[in-house]
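Listed below are the residues making up each chain.
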Amino acid sequence: MMDTIPGMDWKKLISQRLKTRYKREYSDFIDLIDTQNNLFEQVASLKARNVQLTYETEKLKSENLSLQVRVDSGSESSGGGGSNERVKQLEQKVYRLQEELTELHKRRGENAQQIIDLSNAMKEKEKELQTKDGKLMDALALENSLKAEIKHLESTVFELEATNQTLKDEHQALQMAFTALEEKYRKVQEDNSELMARWLDLKLKEADKMNQENDRFFKQKQESLKRDLAEAAKEHKDIIPQEENSVLLKGVTPICLSATLPTKAQCKVDAHDGEVNAILWSPTGSLFATGGSDRKVKLWDYNGGMCNSRGTLLGSNAGITALEFDPHEELLLGASNDYASRLWSVRDQRLRHTLTGHSGKVLSAKFLGDATKVVSGSHDRTLKIWDLHSKACSKTIFAGSSCNDLVTLHGTSIISGHFDKRVRFWDPRADNTVNEIGLHGRITSLDISPDKASLLACTREDTLKVIDLRMNQVIHTLCADSFKVAFDWSRAVYSPDGSYAMAGSLDGTLYIWNIQKEKVERTLKEHTHSILDCSWHPSGSVILSSEKQKKIVLWADM
Amino acid sequence: MSEDRGILRSIWDGKIPVCFTLSQDEIIAEKPEPIYQMVPRITYFPLVTEKISKHLAQYIDKEKQGEMWLECDGVPIKWHYPIGVLYDLLGSSGSLPWKLTVHFQDFPDDEIMHCLSRDVVESHFMSTLKEADALKHRCNVINGMQKKDHKQMWTGLCHDKFDQFWPINKRLMEHTGDDLFKYIPFRIYQNDLPFIQKLFKPQSEEGHEHTLDDLLKFAVPELMESTDNTIFIHGIEVPLHSPLLWLSEHFSYPDNFLHICITQISTQESSKEW
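Residues numbered from 1 in each chain as written. Chains lettered and ligands numbered in written order. Predicted model: local features only at pLDDT ≥ 70, side-chain atom pairs only at ≥ 80, totals over all residues. Heavy atoms only, no water.

Student: So what's going on with a nonpolar patch on the surface? Which residues, and what values?
Tutor: All names here are of chain A. A cluster of nonpolar residues, Leu136, Met137 and Leu140, forms a patch on the protein surface that exposes about 310 Å² of accessible area. Mapping leucine 140 onto the fold places it in helix H2 (residues 84-234). Classification of leucine 140 by relative accessible area gives partly exposed; the value is 40%. (Patch = residues over 30% accessible without salt bridge, like charges linked within 9 Å, V, L, I, M, F, W, Y side chains within 5 Å. Areas by Shrake-Rupley, 256 points an atom, 1.4 Å probe, with all protein chains shown as cover. Salt bridge = Lys/Arg side-chain N within 4 Å of Asp/Glu carboxyl O. Helix = DSSP H or I, 4+ residues; strand = E, 2+ residues; numbered from the N terminus. Buried < 20%, exposed > 50% of the residue type's maximum accessible area, 1.4 Å probe, protein only.)

Student: Could you give an account of the sheet that holds strand S15 (residues 413-418) of chain A, naming the residues involved and the relevant values?
Tutor: Residue and element names in this part refer to chain A. As summarised here, the arrangement of the four strands in space is S14-S15-S16-S17, forming an open sheet in which the pairing is antiparallel. What marks the edges here is a single partner per strand, and that holds for strand S14 (403-409) and strand S17 (433-438). Ignoring strand direction, the axes of neighbouring strands in this sheet form an average angle of 20°. Across five bridges, the pairing between strand S16 (residues 422-426) and S17 is antiparallel. If you follow arginine 422 over to S17, its bridge partner there is glycine 438. (Pairing = 2+ DSSP bridges. Axes fitted to C-alpha atoms, helices over the stretch in contact; angles between N-to-C directions.)

Student: Let's hear about the pairing of strand S7 (residues 331-336) of chain A: which residues, and what values?
Tutor: All names here are of chain A. Counting buried positions along S7 yields six of six residues, so the element is predominantly enclosed. On S7, burial covers both faces: Leu331, Leu333 and Ala335 on one face and Leu332, Gly334 and Ser336 on the other are all buried. Where strand S6 (residues 320-325) lies against S7, five bridges are found, and the strand directions are antiparallel. Following the sheet pairing, leucine 323 is matched in S7 by glycine 334.

Student: Would you mind going over the interface of chain A and chain B in detail, with residue names and values included?
Tutor: Listed per partner, the contact involves 22 residues of chain A and 33 residues of chain B. Summing the contributions of chain A and of chain B, the shared interface buries around 2500 Å²; its carbon and sulfur component is 64%. Looking only at chain A, the three residues that lose the most surface to chain B are Trp10(A), Arg21(A) and Glu25(A), adding up to 25% of its buried area. Taken together, chain A and chain B are joined by four residue pairs in polar contact (both at pLDDT 80 or more). Looking at the side of chain A that touches chain B, its residues break down into 11 nonpolar, three polar and eight charged. (Contact = heavy atoms within 4.5 Å. Buried area = accessible area lost by both parts, 1.4 Å probe. Polar contact = N/O pair within 3.5 Å; in protein donor to acceptor, adjacent residues only side chain to side chain. Nonpolar A, V, L, I, M, F, W, Y, C, P; charged D, E, K, R; others polar.)

Student: Explain the nonpolar core to me, using residue names and the numbers behind them.
Tutor: All names here are of chain B. In this structure, Phe45, Trp98, Leu100 and Val102 are the most contacted members of the largest nonpolar core, which totals 61 residues. With sequence-adjacent residues up to four places away left out, valine 102 is seen in contact with Phe20, Thr21, Leu22, Ser23, Ile52, Leu56, Met68, Trp69 and Leu70. One finds Ile184, Leu223, Ile231 and Leu240 within the second-largest nonpolar core, a separate group that totals 30 residues. (Core = buried A, V, L, I, M, F, W, Y, C linked by side-chain atoms within 4.5 Å.)

Student: Please provide a residue-by-residue account of the packing of aromatic side chains, values included.
Tutor: Tallied over the entire structure, the rule returns 22 aromatic pairs over all chains. Between Tyr81(B) and Tyr189(B) the ring centres are 4.9 Å apart and the planes differ by 65°, which places this aromatic pair in the edge-to-face class. Of the two residues, Tyr81(B) sits in the loop between strand S4 (75-76) and helix H3 (83-91) while Tyr189(B) sits in strand S6 (residues 186-190), which places them 108 residues apart along the sequence. Look at Trp246(B) and Phe251(B): their rings are 6.1 Å apart centre to centre, the planes differ by 40°, and that puts the pair in the tilted class. Each residue in the set Trp281(A), Phe288(A), Trp300(A) and Tyr302(A) is aromatic and connected to the rest through ring pairs, giving one cluster. Arg187(B) extends its terminal NZ or CZ atom over the ring of Phe257(B), reaching a point 4.3 Å from the ring centre. (Phe/Tyr/Trp six-rings, centres within 6.5 Å; stacked < 30°, edge-to-face > 60°. Lys NZ or Arg CZ within 6 Å of the ring centre and 35° of its normal.)

Student: Provide a residue-level description of H3(B), including the pertinent values.
Tutor: Taking burial as the measure, the nine residues of H3(B) include eight buried ones, the bulk of the element. Here H3(B) has its buried residues at Ile83(B), Gly84(B), Val85(B), Leu86(B), Tyr87(B), Asp88(B), Leu89(B) and Gly91(B).

Student: I'd like a rundown of the packing of helix H4 (residues 118-137) of chain B against helix H7 (residues 162-173) of chain B, residues and numbers included.
Tutor: When two helices pack together, their arrangement is given by the angle between their axes and by how far apart the axes lie. All names here are of chain B. Axis separation between H4 and H7 bottoms out at 10 Å; the angle between their running directions is 35°. Contact residues: H4 offers Phe125, Leu129, Asp133, Lys136 and His137, while H7 offers Phe165, Leu172 and Met173. Residue composition of the contact of H4 with H7, by class: five nonpolar, one polar and two charged.

Student: Kindly report on the side chain of Thr263(B), identifying the contributing residues and their values.
Tutor: Residue and element names in this part refer to chain B. Secondary-structure assignment places threonine 263 in strand S8 (residues 258-264). The exposure class of threonine 263 is buried, given its relative accessible area of 8%. Threonine 263 has contacts with Asp88, Leu89, Asn191, Asp228, Asn229, Thr230 and Phe232, leaving out every residue within four places of it along the chain.

Student: Got a sec to walk through the state of the cysteines? Specific residues and values, please.
Tutor: All names here are of chain A. Applying the stated criterion to the full structure yields zero disulfides over all chains. Cysteine cysteine 267 remains unbridged, with the sulfur of cysteine 307 as its closest cysteine sulfur at 3.8 Å. Residue cysteine 267 is classed as buried on the basis of its relative accessible area, which comes to 12%. Judged by relative accessible area, which is 11%, cysteine 307 ranks as buried. (Disulfide = S-S within 2.5 Å.)

Student: I'd like a description of unusual backbone geometry, backed by residues and values.
Tutor: Even without glycine at this site, Arg381(A) takes up a positive phi of about 70°. Checked against the element boundaries, Arg381(A) lands in the loop between strand S11 (373-378) and strand S12 (382-387).

Student: How would you sum up a negative patch on the surface? Please name residues and give values.
Tutor: Residues Glu99(A), Glu100(A), Glu103(A) and Glu110(A) make up a contiguous surface patch of negative charge. Mapped onto the elements of the fold, Glu100(A) is located in helix H2. (Lys, Arg positive; Asp, Glu negative; His and termini not counted. Charge placed at Lys NZ, Arg CZ, Asp CG, Glu CD.)

Student: Pulling in residues and values, what's your account of the layout of surface pockets?
Tutor: Residue and element names in this part refer to chain A. Computed from the structure, the second largest pocket encloses a volume of approximately 1300 Å³. Around the second largest pocket sit 42 residues that line it, and Leu280, Glu324, Asp447, Ile448 and Lys452 are the ones nearest its centre. Counting only elements with at least two residues in the lining of the second largest pocket, the list comes to strand S2 (276-281), S6, strand S10 (362-367), S14, strand S18 (443-448), strand S22 (492-494) and strand S26 (531-536). Its residues placed into classes, the lining of the second largest pocket shows 25 nonpolar, nine polar and eight charged. (1 Å grid on protein atoms, 1.4 Å probe; cavity = no way out; pocket = protein on both sides within 12 Å on 5 of 7 lines; lining within 4 Å. Points joined across faces, edges and corners; volume = space filled by probe spheres on them.)

Student: Describe the sheet that holds strand S25 (residues 519-525) of chain A, naming the residues involved and giving the relevant values.
Tutor: All names here are of chain A. Pairing is antiparallel across the open sheet formed by four strands, whose spatial order is S22-S23-S24-S25. The two strands at the open ends of the sheet, each matched to only one other strand, are S22 and S25. Going across the sheet, the axis of each strand differs from the next one's by a mean of 20°, ignoring polarity. In this sheet, S25 lies alongside strand S24 (residues 509-514) in antiparallel orientation, the contact comprising six bridges. Within S25, the residue paired with threonine 509 across the bridge is lysine 525.

So, in structure tokens, the structure goes:
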């Protein structure tokens, strides 16, 4: 039915077709569908009615049943004569009650169900409660533990506070102590400065005194010189006869043919403060030197039985232990406890050299050969050889034991006596000991005989040993009953002719032995304290001895 | 003009008898009687099936009850097309009343949209209406309306009240003087293909009025060449030389769109005629 009618109005065509559609789709069906819908609704309503009626029937049936029951019971109880209405009423009542009963039953069932539900719920709640209880217990326990912890912490805090307090107190106390100490320190400083001032003052005074002393000394010297000059001028004529008699010739080394033993103490002088450690005649015998623990070395003139102080050699910082003149009597060598050896010029009494290098006190020092070399023995267990040209140590010998004394022989070999009871022989050109001899006591001193053939050693076993240097063995032993060696540095010496040996004892007695006879020839008693050193005049007739307490004694028979 | 009003009225009154049958697979006990109902062509299915859904839901498994959906010969019904369009596309080849199967299970999510309430239908309707006005007046008219006018149109459609709907709709259909519609809002449906919608002016550039024929030749030229196609609007074949503007004014559905259905003349129908 295509649109092929061109003349026909499209609008009319459309309305016509709409009508056709209306007829086809609507009017043909509207009645039918309405009817169907009506029927549908009717069926629904009838169904509902039917249900209602069925219910009503049921209800009536049950009512009937209950009525019948009541009629039966009523006929039994009231003989059946009861009024029908009442029966009906009762039946209705019964029915109502029954319904009520069923209702109640139902309710009971519901209640029972409810109870079950509730009990279930209760059980659940109880369970919950239990868990809650458990939790509560846990919480309580936790709380308790926390409380305990808190308490503990509190106590800790308290303790710490206490500690803090004590520390604070201590700090305060320390602070106070500190201020007090500071105050003290300040005072001490003040004292110190004051003392310093005083000390300086004293020093000044001392210097003044020293100057005065020097002036005085210089004057004395001048005077003595004048006197000497005057004397010399006066005694000009008597020189020659005097010369023949005198054993003391200036500048000439006297030759002793036989020593004579003095018997008298001719002169007694307080030489030093404290011990007089060393005393020694000069090679010519015109003067002698003493060294004491008062750090001084003194030179003395020996002039016909009189001892005159010639001068004091200063410079040592500790006590003098040993002295030695050079052969030309120009230099004096002194060993000191201040670890050094010193050389003074005899003529102008000036300090020439200080030989430092030992690490212990120097106990002995000797010229080696001519006056250009010096050997020293020290408590530091070494020997040192010094060259006086370079003023330095040229060799160090490690002796192994403290050296108490040493001597030189022929200007080439050194003999040292040691604390370990041995006498050691050294060649300065070799390092090792050439020889050694063991004795029975600590060696306190050594001396070479004038003929250079034997060695006199003094030991702490209170004997003197004479050792033959060629055979290296002891040939004589000198001892005495009351002879006791006083110190480790007590000295024994030969007489200038080599026939006697002399040593001082602890009790102040001077012993002189005849070496060949090995017996005491003479004892001289003038000292009241232990004798330290002694020296025999080169002429062989005068003896000097020094003791522990200031004194020196000159023995002579003039 | 009374003739035009008559046409408007008869289009509004167009109804189709529909037979709703519950799907055999979903019945659990007693088989319910099919329900017959006259449904307006211009409305949407969700607005008329509430009673049916309530009735038929008694006969199915409550646990499996899902959203209700309709099916015609195995094709799920798209609820957002007007019923007339759906019938012209799917049911016109069969006999009346139109048989539809009601389903409560296995909702075909990938083929049709969910419709959970009337509000969804309303928003869909209003959006289509606005789209149409955008094409016609660039939204000037619809935006000039009040909210209650929108509401009135919707309730008019819901309650099938011609007198309530049209006074408002008339304002959308008006064109003052030379100001014609900018474009004709139309949609062309073919069987199960997606609809065709294009911009088409009511007049040619020379000033001639376009006819339905012009539109179809513009939109679906290949279909116009064969002669075994039938063009339906509101269930009738509209003469092809009808002016398009008049059709748009009078033959549009309430959503202001001209829904044109093109169906192949089925062999069944032709054999019937034969």
